[in-house]
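# Observations on the three-dimensional arrangement
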Amino acid sequence: MIKDISVVPEVQFLEQVLQWISTGELRVPKFQRPFLWRPEQMLQLFDSMERGYPVGSLLIWEPSMPLASLDSIGGRGIPSAPEGGKVAYVLDGHQRLSTLFGVLHRLAAAPRSTRQEDWMWWVYRPLDRADHDGSRYRHWKSGDKVPDNYLPMRSVLRTLDFLEYARQLSDTYSRSEADRLTEESERIAQRVKNYKVSVVRMQGGTLQQAVEVFSRINSSGQKMRPDQMVSALTYGTTGPETLSDKMEEIQGRIAASGFGDIPIMTIFQTVLALSGEEDVQNPSWEMMARKVQGQLLGAVEKTDHTLQEVVDFLRVEAHVPLARLVPYNIQIMLLAVFFHFSGQVEEGRRSKLRDWFWITSLAGTFAGANTTQVRKFIEEMKAFAEGRGELSYSGERARAFPERFDLRSARVRAYLLWDLQNFPERKNLDGELINVVDQLATAHRETYRHIITQSGVPGASSPANRIVMATPPGISIRQALIRLAEEGATDILDSHGVSPSSVEYLKDDEYADFIAARQHEVASREKAFIESLGIQSSEQEFGEADIDTE
C-alpha cells in the first residue's frame, strides 16, 4: 500500500539533534549499514565543522509504527524509545551522527586503550598550532598521558567537564598561557555548540517506501544488499532473527570450518534458487519480502544444510581448499541446487559433477553470465540432479594459460587449484613439507612468491614466475633454486615443478628464458590435465587473464 509522505525541512543546532539520540527519540534502524567510517574520516568531520563547512543534511523518518533499531550508536548505549512519544529514525546521516554522538557524548569512564575500537572515539583538538601537523584534530592512540594542551572533544558540550579542563590548564601553565589556551578552547566549543545542521523530516509513508528512499540516497555509496532490504521489509514477521541474521550465521559456520567466507550474496542467491525463484541475479526485493513468510525462510534452513554438502564436495572431491579460490561464486549456488534436488548421489554422477566444476572453471563458462543464462544454468543443474538431463559442456574449450597472476581472474584461480592438486607435497630448502593451504588462508596473494623480481623482465607477471617456498633472510627464491640445483636436490625442485634444465637459465642470469621455459613446462602439464577432462585446450598456449570473478 502506498501512503502519502510529507517532507518538512528545518535547521537544528547539532547539540539538540544529539540530545534526541541520548533520550532515545532519534534512532538508527537495523537495516542501516554498520558504522564503517575510517578514523581519518572522523577527524575530517570535526575539522569541517570548525571551519564552518557544511557536512550534509540529515534525513530522518517519522513512521506511524515502531521499527527494530540499534541499541547503541557510536559505541555508546542509548535508552529505549520514550513510551507514547514520537520516535524518528535516521535514513541518511548514520555515519556522521555516530561519529558526533560517539565522540561528543563519550562517557568519562569509557574504555581507553591502544585498540582502535577504543581510541577511535577519543578525539582531541591540539590547541597549539605547532601540534597540528596540517591536521587540526587527532586521535590519541598511545597509552601515555594525553598532553595538557589537547582539548578532549567529549568535554565541549558538558559545562562542568569543560570548566574542569580549563582549571587544569590554569594549574599547568602560566596565567597568560592558560588564558590563551582557554580562550582558544572556548572558541572551539562555541563552534560546536552553535553548529547548525539541515534536517529533513519525512513523515508518514510505509516501511517499503522508507527502504526505497534509503536505497536510492545510498546508491552512490555502499548499496544496501538485497537480503538487507528483504530483512528491513519483514521486521516483526520473522522472529528475533532476520533473514540477514540467519544468512550471516550460515556464513560464520562455514568460515569457522576453515573454508573461509562465502559471500553473503552467494548465500542469498542460493536461498532464492532453493525456494524456486528463477531470477537470482536481479531479484525484486519487494517481491522477495512477500515470499518470506512462505518459501523463503524455509529455504534458508535448507541452504544451511545444503551448503555444508557443497563445501564437503569442493574440499574432498574437487580439491578446493578455500572459498576464495572458487573461480565463480555461481558454481557454489549451482552445486547447492544439485545437492538439494538430487537425493542420494552415486559415484558416476559425482564424477560428472567434478568434471563440470573443472571444465566450467577452465573454460570461463560463467564469465559475465546474464540473467537469462543463469536461469538456464539453474534449470540444467536441476534437471541433472533429478535425472532428467545431462550437464551440457560439449564443445567447451579451455582458455589459454594465463600470462598474468591476478586472483581476480577465474582462470588464474583454476590454475592455482590445478597447481595445488598437481604439486601436493612442496618442500622448503631444508626438505620440510610446506602447508600451502594454511598460508593461502592467511597471506593469500603473497603466498606465491616471485622467482624473478627484477622489473622489466618479459613474462615476470606470469604465474610461472611464482612458487611457494620459504627462504632464510637474505636468500631470494632465485638463489634458493640455484643452490638446490647445485646440490642435486631434484626432489625439492620437482615438488615445485621446476626442472634442473630451466635453472641453468637462472645461473646465467637469463631471466626471460627461465620464465619462458618454466611457463612452457607448467602449461604443458596443465594441458594434459585439461585434455583428460575431454575438452579441447586453447588454440593459443598463453593468453590474457580476464578479470571476471564476481
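Located above this text is the structure these notes cover.
Summary of the structure given here.

Conventions and cut-offs
- Residues numbered from 1 in each chain as written.
- Predicted model: local features only at pLDDT ≥ 70, side-chain atom pairs only at ≥ 80, totals over all residues.
- Heavy atoms only, no water.
- Salt bridge = Lys/Arg side-chain N within 4 Å of Asp/Glu carboxyl O.
- Buried < 20%, exposed > 50% of the residue type's maximum accessible area, 1.4 Å probe, protein only.
- Helix = DSSP H or I, 4+ residues; strand = E, 2+ residues; numbered from the N terminus.
- Pairing = 2+ DSSP bridges.
- Arc of directions from axis to C-beta.
- Core = buried A, V, L, I, M, F, W, Y, C linked by side-chain atoms within 4.5 Å.
- Contact = heavy atoms within 4.5 Å.
- Polar contact = N/O pair within 3.5 Å; in protein donor to acceptor, adjacent residues only side chain to side chain.
- Axes fitted to C-alpha atoms, helices over the stretch in contact; angles between N-to-C directions.
- Parallel < 35°, antiparallel > 145°, perpendicular 65-115°, else oblique.
- Left-handed = near helix turned anticlockwise from the far one by under 90°.
- Nonpolar A, V, L, I, M, F, W, Y, C, P; charged D, E, K, R; others polar.

### Considerations on the pattern of salt bridges
- The full count for this structure, using the stated rule, is 39 salt bridges.
- Between Arg38 and Glu40 there is a salt bridge, with its nearest N and O atoms 2.9 Å apart.
- Here Glu40 falls in the partly exposed class, since its relative accessible area comes to 39%.
- Measuring nitrogen to oxygen at the nearest pair gives 2.3 Å for the salt bridge that ties Arg201 to Glu62. Of this pair, Arg201 sits in strand β10 (residues 196–204) while Glu62 sits in strand β3 (residues 58–62); the two residues are 139 residues apart in sequence, bridging distant segments of the chain.

### Examining the sheet that holds strand β8 (residues 138–139)
- Spatially, β8-β7-β9 is the arrangement adopted by the three strands of the open sheet, whose pairing is antiparallel. Of all the strands in the sheet, the pair left with one neighbour each is β8 and β9 (150–152).

### Things to note about the pairing of strand β7 (residues 123–126)
- With burial as the criterion, each face of β7 is covered, one bearing Val123 and Arg125 and the other bearing Tyr124 and Pro126.
- One ladder, built from two bridges, connects β7 with β8; its direction is antiparallel. Each bridged residue has a counterpart across the sheet, and for Tyr124 the counterpart in β8 is Arg138.
- In this structure, β7 lies alongside β9, joined through three bridges in antiparallel fashion. Each bridged residue has a counterpart across the sheet, and for Arg125 the counterpart in β9 is Leu151.

### Notes on helix α1 (residues 14–22)
- Along α1, the residues classified as buried are Leu14, Val17, Leu18, Trp20 and Ile21. Relative to the axis of α1, the buried residues are bounded by an arc of 150° and lie together on one face.
- A positive phi of about 85° marks Gly24, the residue just after α1.

### Side note on the nonpolar core
- Grouped together as the largest cluster of nonpolar side chains are 80 residues, with contacts concentrated most on Leu314, Met333, Leu334, Leu353, Trp356, Phe357 and Met381.
- Looking at this core element by element, the count peaks at nine residues for helix α12 (residues 329–342).
- Sequence-distant contacts of Met333, defined by excluding residues within four places in its chain, comprise Thr266, Gln269, Thr270, Ala273, Val280, Val374 and Ile378.

### What to know about the side chain of Arg154
- You can see Arg154 is positioned in the loop between β9 and α5 (159–172).
- Polar contacts involving the side chain of Arg154 include one to the side chain of Asp161, which spans 3.1 Å.
- Discounting residues that sit within four places of it in the chain, Arg154 has contacts with Val103, Leu104, Arg106, Leu107, Ala108, Trp122 and Asp161.

### What about helix α10 (residues 264–274)?
- Taken across its 11 residues, α10 has 10 buried, putting it largely inside the fold.
- Of the positions making up α10, those classed as buried are Ile264, Thr266, Ile267, Phe268, Gln269, Thr270, Val271, Leu272, Ala273 and Leu274.
- Where α10 terminates, the next one or two residues include Gly276, which has phi positive at roughly 100°.

### Observations regarding the sheet that holds β10
- Pairing is mixed across the open sheet formed by five strands, whose spatial order is β1-β10-β3-β6-β2. Among the strands making up the open sheet, the edge pair consists of β1 (5–13) and β2 (26–27).
- Here β3 runs beside strand β6 (residues 88–92); their pairing, made up of three bridges, is antiparallel. Its bridge partner lying in β6, Leu59 is registered against Asp92.

### A look at the pairing of β3
- Summarising burial for β3: five of the five residues are buried, a large majority.
- Here β3 shows two buried faces, one formed by Leu58, Ile60 and Glu62 and the other by Leu59 and Trp61.
- Direction of pairing for β3 relative to β10: parallel, over a ladder of five bridges. If you follow Leu59 over to β10, its bridge partner there is Val200.

### Examining the packing of helix α17 (residues 477–486) against helix α19 (residues 500–507)
- Where α17 meets α19, the axes come as close as 9 Å, and the angle between the chain directions of the two elements is 125°. By the criterion of interaxial angle, the relationship of α17 to α19 is oblique. Like other packed secondary-structure pairs, α17 and α19 cross with a definite hand, here left-handed. Along the contact surface, α17 presents Arg478, Leu481, Ile482, Ala485 and Glu486, while α19 presents Val503, Leu506 and Lys507.
- Considered class by class, the residues forming the contact of α17 with α19 number five nonpolar, no polar and three charged.

### With respect to the packing of helix α13 (residues 347–363) against helix α14 (residues 371–385)
- Two elements in contact, α13 and α14, have axes whose closest approach is 12 Å; the angle formed by their N-to-C orientations is 160°. In terms of their interaxial angle, α13 and α14 are classed as roughly antiparallel. Seen from above, α13 lies across α14 with right-handed handedness. Contacts between α13 and α14 involve Arg349, Lys352, Leu353 and Trp356 from the first element and Met381, Phe384 and Ala385 from the second.
- The residue inventory of the contact of α13 with α14, partitioned by class, reads five nonpolar, no polar and two charged.

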